[in-house]
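# Residue-level structure breakdown
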Amino acid sequence: MFLLMIAGYCLRKKQLLSLEGAGSLSNLMLYICGPAIMILSFDTSFSYLRL
């Protein structure tokens, strides 16, 4: 997610990304990357030691 933020920042600074494209990247981060990171954070193995 951080790499996508850096890529968007660099593309916007070099005028390669329009404001509409920046909005699309924000939507991608909000609706796809955010939930995917939350789901992956729950992917842990069960252990009695963690209880």
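Scoring rules and cut-offs
- Residues numbered from 1 in each chain as written.
- Predicted model: local features only at pLDDT ≥ 70, side-chain atom pairs only at ≥ 80, totals over all residues.
- Heavy atoms only, no water.
- Helix = DSSP H or I, 4+ residues; strand = E, 2+ residues; numbered from the N terminus.
- Rg over C-alpha atoms; globule rule 2.2 N^0.38 Å.
- Buried < 20%, exposed > 50% of the residue type's maximum accessible area, 1.4 Å probe, protein only.
- Areas by Shrake-Rupley, 256 points an atom, 1.4 Å probe, with all protein chains shown as cover.
- Axes fitted to C-alpha atoms, helices over the stretch in contact; angles between N-to-C directions.
- Parallel < 35°, antiparallel > 145°, perpendicular 65-115°, else oblique.
- Contact = heavy atoms within 4.5 Å.
- Expected span 1.5 Å × (residues − 1).
- Bend = angle between axes of the 7 residues up to and from the residue.

### Points about the overall build of the chain
- The secondary structure content of the chain amounts to two helices and zero strands.
- For 51 residues, the compact-globule estimate of 2.2 N^0.38 gives 10 Å, and the chain exceeds it by more than 25% at 16 Å.
- Evaluated residue by residue, the chain yields a buried proportion of 10% over its 51 residues.
- A total accessible area of about 4700 Å² is found for the chain, and carbon and sulfur atoms account for 70% of it.

### Looking at the packing of helix α1 (residues 2–13) against helix α2 (residues 19–41)
- It is at 11 Å that the axes of α1 and α2 come closest, and there the two elements cross at 175 degrees. Classed by the angle they form, the pair α1 and α2 counts as roughly antiparallel. On α2, the residues that touch Leu4, Met5, Gly8 and Arg12 of α1 are Leu19, Leu25, Leu28, Met29 and Cys33.

### Thoughts on α2
- The end-to-end C-alpha distance of α2, which contains 23 residues, comes to 31 Å, matching closely the 33 Å that a straight helix rising 1.5 Å per residue would cover.
- Along α2, the sharpest change in direction is near 35 degrees and occurs at Met29.
- Residues Gly21, Met29 and Gly34 constitute the buried set of α2.
- Taken together, the buried residues of α2 touch α1.

### Some details on unusual backbone geometry
- Positioned with a positive phi, Gln15 is a non-glycine residue whose angle comes to about 60 degrees.
- Summarising the element assignment, Gln15 is placed in the loop between α1 and α2.
- Residue Gln15 is classed as exposed on the basis of its relative accessible area, which comes to 62%.

### Side note on the environment of Ser24
- Looking at where Ser24 falls in the secondary structure, it is placed in helix α2.
- You can call Ser24 partly exposed: its relative accessible area is 47%.
- Residues Ser24 and Leu49 lie 25 residues apart in sequence; the distance between their C-alpha atoms is 43 Å.

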